[in-house]
Each structure stands twice: as C-alpha cells, then as structure tokens.
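Next come the chains, spelled out residue by residue.
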Protein chains: 2
Amino acid sequence: MAILVVGSVAFDTMETPSGRRDRCLGGAATFFALAASYFTQVRVIGVVGEDFGPEEERAFIRRNIDTRGIEHVPGKSFFWSGSYMKNLNEAQTLNTELNVFQSFSPKIPAAYQDSEYLFLANIDPVLQEDVRRQMPKAKLVCGDTMNYWIRDHAENLARVLKGLDVLLINDAEVKMLAKDNNLVQAAHKVLDMGPKALVVKHGEYGATAFFCDRSFPGEVVTVPFRAPALPLAEVVDPTGAGDSFAGGFVGYIASQPALTPPVFRRAMFYGSVMGSFAVERFGTERLQQLLPGEIEERFALFRQLSHLE
Amino acid sequence: MAILVVGSVAFDTMETPSGRRDRCLGGAATFFALAASYFTQVRVIGVVGEDFGPEEERAFIRRNIDTRGIEHVPGKSFFWSGSYMKNLNEAQTLNTELNVFQSFSPKIPAAYQDSEYLFLANIDPVLQEDVRRQMPKAKLVCGDTMNYWIRDHAENLARVLKGLDVLLINDAEVKMLAKDNNLVQAAHKVLDMGPKALVVKHGEYGATAFFCDRSFPGEVVTVPFRAPALPLAEVVDPTGAGDSFAGGFVGYIASQPALTPPVFRRAMFYGSVMGSFAVERFGTERLQQLLPGEIEERFALFRQLSHLE
C-alpha cells in the first residue's frame, strides 16, 4: 500500500568526527522516503528550488519513489548545516535557510489521493493539519515534530496530535511536550493528547513504543515495547536517523495486510534497522544503495542482539 | 552454587523526588547479596561498626545470607548520603564517611573457601585483588568499579581487570576506562584489558554485554546482547540499582549448571529484573521482601517488552 509523506527535501552540510560533506541531498521527507521505499510505494509532497536537478531527482527515481508531488519553484531549496563535533547525539545547527520552503503550501496530486498511509514529517503543524485534512480516508496517520513547534506553536500542534495514530518523537521532545521528566508519565500525558501510540526514539539506546487503551481495536496493549539500536563502532553521520527510523517503521506497516501488535513490534525493529543503516555513511548515501538481503540480515542481527533464544 | 561477595555494608541517607530516608541499610554488598539470594546461597565479606545491630543482621538472615564473613569492629559503619533531586540518573554525593571501612582488610572464613562464584563489588582494587588471590579456585569472577578508582588508581585496577571474567560498569565508566567516547570501541579496549565479557549498564535504557573471542570456551560469541530496562512511572530511589543488577546477574548464573550463551543472556534479563525491583522503593526495602513468583512474573514482562513474538 502506498505511503504519502509530506516534509522537507533539502540540502545539508554537516561536519562530524568522521569528516565533512557539503550540500548532500537531505531533508526529512527524503530520508523517510528512501527508507520506506524498500518496503512499499512512496509518494512525496515537498518543494524544491532550481538547485534541485536531475541528479537529485534520480536518487528518488532509482528507488521507485513517486516525485510528482515535489513542486519546483524559482529560488533555492531548503538548506541546513550542522555540526556533531561536540556531541554525536545532538546536532548543533550552524545555519538554516528556509528558502523556497518559506512559502510552501502542500498540494496533493490527484494520483496521490488513494494513499492509505500518511507520514507528516517535522514541518509547521499548520501544514501538517492542512495535509491531514486533504487526506480524510488515510488508514494510518503517523507524524513527527520538534522542540520549536512544541514550545512556540503548541495550539496548532495540539490540533495535529488529535488526528494522529502514531507520533514518533525523541525523549527530550516527549518530556517537553508533556512537561514531565518521567518518561512513562510523560508518554501517557502525550497519549492523552490524541495519538493512539507513541514511539519514543532514544538514539543509541533504541526506541520504546507506548500504547493507549484504544489502540489496535479489539486488542488492548498495555505493555510498552522496546526495540534496541545496533551498537556501532563508528557513527559516521547521525543526520536523518530519526526520519529513517520512521521510514522503516511506516514502510513495514504499509507492506503488511493489517496492523496487529506483532506487526507493530516488527515495525519497531525495521525502524531501528533503517536508522542503523542511515548513520553508517554521510547523508542518504547508505539508504540510496542497500543491497537485496541486507535489510533482512540486519533484522536477524537485531533479533540476536535482543532475544533470549 | 555459593557466591562470595566482598564489598560495603553500610548505612545510606538519600533524598529523591519521592521523599527522604535516613540511615537505611545499604552498601554494594548488601544490595548484591539480597538480589542474588533469590537465586542461590550468598556469603558476604565486609566490615561493620557498632551501629550495625540485630535488626540489620536480620535483613540478611531472613534471606538466608551467610553473614559469618561480616566482621564487627568498634566504631561506626560506612555511611553515605546523597541526593537525586537534580538528576534521578546520577546521585549527587553529599557526604561519605568511611569509618570502620577505612581499615578494612578482608578475611575469608574457612567455610567460604569453596565458593565457586566471586563478586568483587566496588571497593579499593587493592582489596579486590587481595580477595581474588585468596580464592584461586573460583569458577567465575565478576567485578565492579567506579570513576574514582579508574582515575586515580589505574595501575591497581589494571591488575584486577586481568583476573576478571565479567566486568559490570556503566557507560561513563567504560568510556573513562578506555579513554574512548564510542561505546563499542571503548568496550573492546576494556575487553583487551582482561575481562572475557563486559556488561555496560545504561540505567533506564537497560544494559549491553560485549564479548571477546575467548569467552565461553568452544563457542565464539561476537554479537553483543542488550537487555531492556523496565519503563517505570516512578523511580523512587535509584540507589543500589547497579549492585542489584549484578546480584540478579551473578545469582542466576550461579543457579545454573553451566555458563552457556543462553544462560548469559537470561542472566542479563534477571539483572535488569532485580534492578527494576530495587528502584521501586527506598534502599533495600523492596529486595528484602519479594514474594514467590514476582521475579518470574517480571521476567515474563521483560520478555514481552522486548521480544517480537
């Protein structure tokens, strides 16, 4: 089943202890789409400038990603630069240029209307709400957000949360959103805001899913589920790890006939698997060229890493 | 099979967001012994002062722990006070009074000589080495240490590490010991210092075991193993969580006929289980009174929390 993702398609410059890259293809929608493309059909809604050329386009096409929803407008694409020199777990943003993203108004092509899965990547909650409203029949709606929207756009974000099935954010964001420093209590406060499930990403420690009583109609799931992350001897570039997790997670769910608790759990593992690939190279390098078998091989490794037998 | 533990038997005063307790029974050897006592016979080597009375003694006796190795001397017992008000993940030490511990010289009763398992809790590496030397026939030797010994007593600690089968320390300690900020690389540097396996405790994120090639003779284990921690809505008091983990870990291994890779993995889970109980109440309260069935019930919960099916 097809996934529609709305979010940034951008250029990133980053420096990490492993080196530096200038103007790599990046953006939340890009990482998400590449990761999800290994599981199902992905359709992207975004906006780019004149610097987005055939080479960038090819990165999507090679993965069979539908780019008809990427609008091309005069000007420059969204640009971000950051450094991980002080802390590999948290980017220090050096520069953000919204450029053509500033006046982004998502338009959904007719060919995208039947998408059953929707991922609202980290963008202005007003735009997330707009896309959500244009896709009333979506079977599963997942979304992301960040500290900036939590702090300064709380009312708009609250409306988005009411329409979400699964919210995927990190520890600090959950605690900030709930104004509670205990993860479990914060998770339940966030679930009270609307999402039926909450996936909390812990970076190198994996991710934990929390559920509210009304998830998985007919089956009450109260025990959280934790997927490990792969201990890596070198994290080359953490950029996009969270979006790649979301891509693996939603991608796997969309590839399955129904969202059951076992499918949700395996989706958490596939999310971690795709996040582990993303950080092994700069930008989207690794996600652009996974070989057949590599994903299942790593999934098996994650099982070995965490299962008693 | 019996475990011999050497370490502090102490009184602790702590304040946490859940409240405050004065002069609870504590100390690394106490938490370890109580946790391990649910799995096998435990024998304690330590020293206490005149403030350690029949009530404290009973806490051990009720759990069938052998206290003949606890020496009683004139003066006051080791005392520690700390606060978790700023950070539940790291105690702020307010006061440490070594008292009778200052001149501690471990003596191993004849009745303890046949102990097959040895746990060297976090004490001066010179004393750890001394006990290790007095127990040349121990089948499995596990140990702990802390930043103070790593920083200021590196040479003494290096000799202890050479004699260890399993070292159990936390993330920050591994990185400090290896002088490397990447967990995987740090872990392998620590394994090169002597231990056959390294268990890294991540607090609320569980623990990861790393193995070197010479572990489990006949079976090469190269994939690390990660046990989750239980997401808790209230961490009442984190004091002793690491020692309780060690008690569950070594206790379970000692209760099994042989240390195989599956036994090691289950031991990691039992370690996390005992750590999760420890933090639910102040001091050793919870570990003193676990009911039959509670441990297996929580073990099952850990499996649900982390296993795909």
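A brief look at the structure comes next. (Residues numbered from 1 in each chain as written. Chains lettered and ligands numbered in written order. Predicted model: local features only at pLDDT ≥ 70, side-chain atom pairs only at ≥ 80, totals over all residues.)

**Some points on the overall build of chain A**
Thought 1: For chain A, the count of helices and strands is 11 helices and 13 strands.
Thought 2: For 309 residues, the compact-globule estimate of 2.2 N^0.38 gives 19 Å, and chain A sits close to it at 18 Å.
Thought 3: Expressed as a percentage of its 309 residues, the buried residues of chain A come to 53%.
Thought 4: Nonlocal contacts in chain A, meaning residues at least 24 apart in sequence, comprise 67% of its contacts between residues at least 6 apart. (Helix = DSSP H or I, 4+ residues; strand = E, 2+ residues; numbered from the N terminus. Rg over C-alpha atoms; globule rule 2.2 N^0.38 Å. Buried ≥ 20, exposed ≤ 12 C-beta atoms within 10 Å, placed from the backbone. Contact = placed C-beta atoms within 7 Å.)

**What to know about the interface of chain A and chain B**
Thought 1: Taken residue by residue, the interface counts 28 residues in chain A and 28 residues in chain B.
Thought 2: Listing elements by their share of the side of chain A that touches chain B, those giving two or more residues are helix 7 (183-191), strand 13 (225-227), helix 9 (261-278) and helix 11 (294-306) of chain A.
Thought 3: Broken down by element, the side of chain A that touches chain B gets its largest block of residues, 5 residues, from helix 11 of chain A.
Thought 4: Tallied by class, residues from the side of chain A that touches chain B come to 15 nonpolar, 7 polar and 6 charged. (Nonpolar A, V, L, I, M, F, W, Y, C, P; charged D, E, K, R; others polar.)

**Quick look at helix 1 (residues 28-36) of chain A**
For an α-helix, the turn length of 3.6 residues means that residues three or four places apart are oriented alike.
Thought 1: Of all 9 residues in helix 1 of chain A, 9 are buried; the element is thus mostly enclosed.
Thought 2: Every buried residue of helix 1 of chain A is accounted for by Ala28, Ala29, Thr30, Phe31, Phe32, Ala33, Leu34, Ala35 and Ala36 of chain A.

**A short note on the environment of Ser272 of chain B**
Residue and element names in this part refer to chain B.
Thought 1: For Ser272, the location among the structural elements is in helix 9 (residues 261-278).
Thought 2: Judged by the 26 C-beta atoms lying within 10 Å of it, Ser272 falls in the buried class.
Thought 3: Separated by 133 residues in the primary sequence, Ser272 and Lys139 have C-alpha atoms spaced 23 Å apart.
Thought 4: Those residues within four positions of Ser272 in sequence are excluded, and the remaining contacts are Gly206, Ala207, Ala227, Pro228, Ala229, Phe245 and Phe302.

**Some remarks on the sheet that holds strand 13 (residues 225-227) of chain B**
Residue and element names in this part refer to chain B.
Thought 1: Overall, mixed pairing links the 9 strands, which are arranged 5-4-1-8-9-10-11-12-13 in an open sheet. Each end of this open sheet is capped by a strand with a single partner; those strands are strand 5 (70-72) and strand 13. Across the sheet, the mean angle from the axis of one strand to that of its neighbour is 20°, orientation sign disregarded.
Thought 2: Alignment of strand 8 (residues 117-120) against strand 9 (residues 140-143), held across 4 bridges, turns out to be parallel. Within strand 9, the position partnered with Leu118 by the bridge is Val141.
Thought 3: Contacts from helix 6 (residues 171-178) reach strand 10 (166-170) and strand 11 (197-201) within the one sheet, and its direction differs from that of strand 10 by about 110°.
Thought 4: Across the face of the sheet, helix 9 comes into contact with strand 12 (207-211) and strand 13 while running at roughly 25° to strand 13. (Pairing = 2+ DSSP bridges. Axes fitted to C-alpha atoms, helices over the stretch in contact; angles between N-to-C directions.)

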